[in-house]
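Analysis of the macromolecular model
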Amino acid sequence: GGKRRRRVAVKSPVSLPFEHEIMDGLKALKSQKLINLYDSICSVPLNPHAPLISIGMWAFFESLSAKAGRNTQTDFISFFNKTRLQNYGVSTGKGDKAISDALRRVSHSGDVTKHDSTAAMFNGDQLANDMETLKNLVIKCIEEASTKP
């Protein structure tokens, strides 16, 4: 008989994926707030800090979209509408559902974690996946922000 193959345990990510392309873009924007926020949310371990990171991600998307021209009456989910996603080249029909869902989760989990007395985001794997899903949107939003005064 052949050797039995053991299942390999799937490891959860330790932290959010750090993307040099994102950090380089933030440095070019010269936004110390966004540089520090991004560095922090990617440095803090997801376990046990998922609630803190969810609030940090929410703040990152709020601040980045504001830099790109979002006004205070608009939430970042509305800011990243279908037209903007198409302009960014990240909308691929069904693909923009994945992006919209990830944005909604970031907004909702950050909001709930900030304001509810009990509910919070505890799923670090989901946060890491959402950040990965939103990578190209973040890069395009940084490009848009760099065109603003």
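Residues numbered from 1 in each chain as written. Predicted model: local features only at pLDDT ≥ 70, side-chain atom pairs only at ≥ 80, totals over all residues. Heavy atoms only, no water.

**As for helix α1 (residues 20–29)**
This is how the line gets drawn: Working definition: with a 1.4 Å probe on protein chains only, accessible area under 20% of the residue-type maximum means buried, over 50% means exposed, and in between means partly exposed. Secondary structure elements follow DSSP: runs of H or I no shorter than four residues count as helices, runs of E no shorter than two count as strands, and numbering proceeds from the N terminus. Picture the helix axis, draw a direction to every C-beta atom, and the arc is the one those directions span.
Taken as a whole, α1 has its buried residues at Ile 22, Met 23, Gly 25, Leu 26 and Leu 29. End-on, the buried residues of α1 take up no more than an arc of 160°, which puts them together on one face. When the buried face of α1 is taken as reference, the exposed residues oriented beyond 90 degrees from it are His 20 and Ala 28. Phi for Lys 30, located one or two positions after α1, is positive at around 60°.

**Some thoughts on the packing of α1 against helix α8 (residues 135–145)**
The following threshold applies: A fitted line through C-alpha atoms represents every axis, and for helices the fit uses only the stretch in contact; the resulting angles, taken between N-to-C directions, go from 0 to 180 degrees. When describing relative orientation, an angle under 35 degrees is termed roughly parallel and one over 145 degrees roughly antiparallel, while 65 to 115 degrees is termed roughly perpendicular and anything else oblique. In this scheme the handedness of a crossing depends on how the near helix is turned from the far one: anticlockwise by less than a right angle means left-handed, clockwise means right-handed. Here, residues are in contact when the closest pair of their heavy atoms is within 4.5 Å. Each residue is assigned to one of three groups, with Ala, Val, Leu, Ile, Met, Phe, Trp, Tyr, Cys and Pro labelled nonpolar, Asp, Glu, Lys and Arg labelled charged, and all others, Gly among them, labelled polar.
α8 packs onto α1 with a crossing angle of 15° between their chain directions and a minimal axis gap of 10 Å. Relative to α8, the element α1 lies roughly parallel. Crossing of α1 over α8 shows left-handed handedness. Taking contact as the criterion, the partners of Glu 21, Ile 22, Gly 25, Leu 26 and Leu 29 in α1 are, on α8, Lys 135, Val 138, Ile 139, Ile 142 and Ala 145. Looking at the contact of α1 with α8, its residues break down into 7 nonpolar, 1 polar and 2 charged.

**Quick word on the packing of α1 against helix α2 (residues 32–43)**
Contact pair α1 / α2: the axes reach a minimum separation of 8 Å and the direction vectors enclose 160°. Considered as vectors, α1 and α2 are oriented roughly antiparallel to each other. The handedness of the crossing between α1 and α2 comes out as left-handed. In contact with Ile 22, Met 23, Leu 26, Lys 27 and Leu 29 of α1, α2 contributes Leu 34, Ile 35, Tyr 38 and Asp 39. Taken together, the residues that form the contact of α1 with α2 break down as 7 nonpolar, no polar and 2 charged.

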